[in-house]
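Inside the fold
Listed here are the chains, written in short residue letters.
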Amino acid sequence: MHSSRSCRIYVDEKESFMAWAQVRSTGKGTPWNHWSGRDPTTPIDAGDEGFLFDDGASSVMVCERPGLPRSPTLTAAQKYVEMAIVAEHARTYEITQAALPALLRHYVQFVKQALKCRAE
């Protein structure tokens, strides 16, 4: 079972922005990234492994939580968090592409703090 959350923002009845996070059992160096089939993808410095693609960005990070009890719905193997920001209907492609890496880095830090992941 994967636990996930998302936030969607609609402008003119189109989903203009979506951010989501999902707990996973796979991480860096594995096929965690279902966005990787999109062309082109560019590696970016966000989390443990991040990618920029045409209409968004995605990252995965390990989230160890020493001293905190695990949720009954998560197995011990589920210690990675995948995050994505998607802006399919953004009005300006160049501005969106320039902003996504920094935005994803901030999102990774927010998720790390919110989930109380061990700082590395």
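The shown structure was predicted, so the numbers you read here are calculated from the model rather than taken from an experiment. (Residues numbered from 1 in each chain as written. Predicted model: local features only at pLDDT ≥ 70, side-chain atom pairs only at ≥ 80, totals over all residues. Heavy atoms only, no water.)

**Describing the pattern of salt bridges**
Per the counting criterion, the structure on display carries two salt bridges. The closest approach of N and O atoms between E82 and R24, which form a salt bridge, is 3.3 Å. Here E82 is found in strand β6 (residues 80–86), whereas its partner R24 is found in strand β2 (residues 14–24), with 58 residues between them in sequence. With respect to burial, E82 and R24 carry one shared label: buried. (Salt bridge = Lys/Arg side-chain N within 4 Å of Asp/Glu carboxyl O. Helix = DSSP H or I, 4+ residues; strand = E, 2+ residues; numbered from the N terminus. Buried < 20%, exposed > 50% of the residue type's maximum accessible area, 1.4 Å probe, protein only.)

**Quick notes on the layout of surface pockets**
Where empty space is left in the structure can be found by rolling a water-sized probe over the atoms. In this model, the second largest pocket occupies a volume close to 150 Å³. Lining the second largest pocket are twelve residues, with G47, D48, V108, Q109 and K112 sitting closest to its centre. For the lining of the second largest pocket, the secondary-structure elements that each account for two or more residues are β5 (56–62) and α1 (93–114). The biggest single contributor to the lining of the second largest pocket is α1, with four residues. Considered class by class, the residues forming the lining of the second largest pocket number four nonpolar, two polar and six charged. (1 Å grid on protein atoms, 1.4 Å probe; cavity = no way out; pocket = protein on both sides within 12 Å on 5 of 7 lines; lining within 4 Å. Points joined across faces, edges and corners; volume = space filled by probe spheres on them. Nonpolar A, V, L, I, M, F, W, Y, C, P; charged D, E, K, R; others polar.)

**Concerning the environment of K112**
Note that K112 resides in helix α1. Judged by its relative accessible area of 22%, K112 falls in the partly exposed class. Separated by 51 residues in sequence, K112 and M61 have C-alpha atoms that sit 8.7 Å apart. Those residues within four positions of K112 in sequence are excluded, and the remaining contacts are M61 and C117. (Contact = heavy atoms within 4.5 Å.)

**So, the nonpolar core**
Ranked by internal contacts, the top residues of the largest apolar core, which has 17 residues, are M61, V81, M83, L104 and Y107. For this core, the secondary structure elements donating two or more residues are β2, β5, β6 and α1. With five residues, α1 is the single largest residue contributor to this core. Once residues lying within four places of it in the same chain are set aside, the contact partners of M61 are G47, D48, K79, Y80, V81, M83, V108, V111, K112 and C117. (Core = buried A, V, L, I, M, F, W, Y, C linked by side-chain atoms within 4.5 Å.)

**Considering the state of the cysteines**
Following the criterion strictly, the structure yields one disulfide and no others. Between C63 and C117 runs a disulfide, and the two sulfur atoms are separated by 1.9 Å. Because the sign of the S-S torsion sets the handedness, a value of about -90° for the bond joining C63 and C117 places this disulfide among the left-handed ones. Here C117 lies in the segment after α1 and C63 lies in the loop between β5 and β6, a separation of 54 residues in the sequence. Pair check on accessibility: C63 and C117 agree, each one buried. (Disulfide = S-S within 2.5 Å.)

**Examining the pairing of strand β4 (residues 49–53)**
Most of β4 is tucked away, with four of its five residues classed as buried. Pairing of strand β3 (residues 42–44) with β4 involves three bridges; the strand directions are antiparallel. Paired with P43 across the two strands is F51, which belongs to β4. Adjacent in sequence and paired antiparallel, β3 and β4 are bridged by four residues, among which G47 carries a positive phi angle near 70°. When β4 meets β5, the two strands line up antiparallel, connected through five bridges. Following the sheet pairing, F53 is matched in β5 by G56. If you look at the hairpin formed by β4 and β5, you'll find two residues sitting between the two strands. (Pairing = 2+ DSSP bridges.)

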